[in-house]
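Results of the structural survey
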Amino acid sequence: MTWPAVLALAAGTYLVRLAGILLRDRVTLPPRATRLTDLGATALLVALVATAALTEDGGFSGWARPAGVLVGGAAAWLKVPFVLVVVLAAGTTAGLRALGVP
């Protein structure tokens, strides 16, 4: 990607975020639109996590990485401190790979 494209994307992202701050008090969304926006953001996050956890070089990443993500997600759900979430997820993945699980 060339620098002009990177700078244009950065400027566009900044302007969209700035518009949200400036228009917060001027635009009121209906409760249904607010709920759909929240659900959309959650769906995008889940899709990103699934893509990162399950694929590598265009194929399946193996079972160790998804298991680590699952352990990390469960720890986060239980409100374990963030550092411990990372350690548990990485430890699970590393332990499974040390045992020969791909």
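The rules behind these values
- Residues numbered from 1 in each chain as written.
- Predicted model: local features only at pLDDT ≥ 70, side-chain atom pairs only at ≥ 80, totals over all residues.
- Heavy atoms only, no water.
- Axes fitted to C-alpha atoms, helices over the stretch in contact; angles between N-to-C directions.
- Helix = DSSP H or I, 4+ residues; strand = E, 2+ residues; numbered from the N terminus.
- Contact = heavy atoms within 4.5 Å.
- Buried < 20%, exposed > 50% of the residue type's maximum accessible area, 1.4 Å probe, protein only.
- UniProt positions renumbered as here; feature names shortened; annotations may be inferred.

It is at 8 Å that the axes of helix α2 (residues 31-54) and helix α3 (residues 64-77) come closest, and there the two elements cross at 140°. Contacts from Val49, Ala52, Ala53 and Leu54 in α2 reach Arg65, Pro66 and Val69 in α3.

Attention now moves to unusual backbone geometry. Phi angles above zero are rare outside glycine, and aspartate 57 is one such case at about 55°. Even without glycine at this site, lysine 79 takes up a positive phi of about 60°. In this structure lysine 79 comes out as exposed when scored by relative accessible area, which is 73%.

Let us look at the UniProt feature "transmembrane region" (unreviewed entry) in the protein chain. Residues given the UniProt feature "transmembrane region" (unreviewed entry) here are residues 6-24, 36-54 and 74-96. Helix makes up 89% of residues 6-24 and strand 0%, with an end-to-end C-alpha separation of 27 Å.

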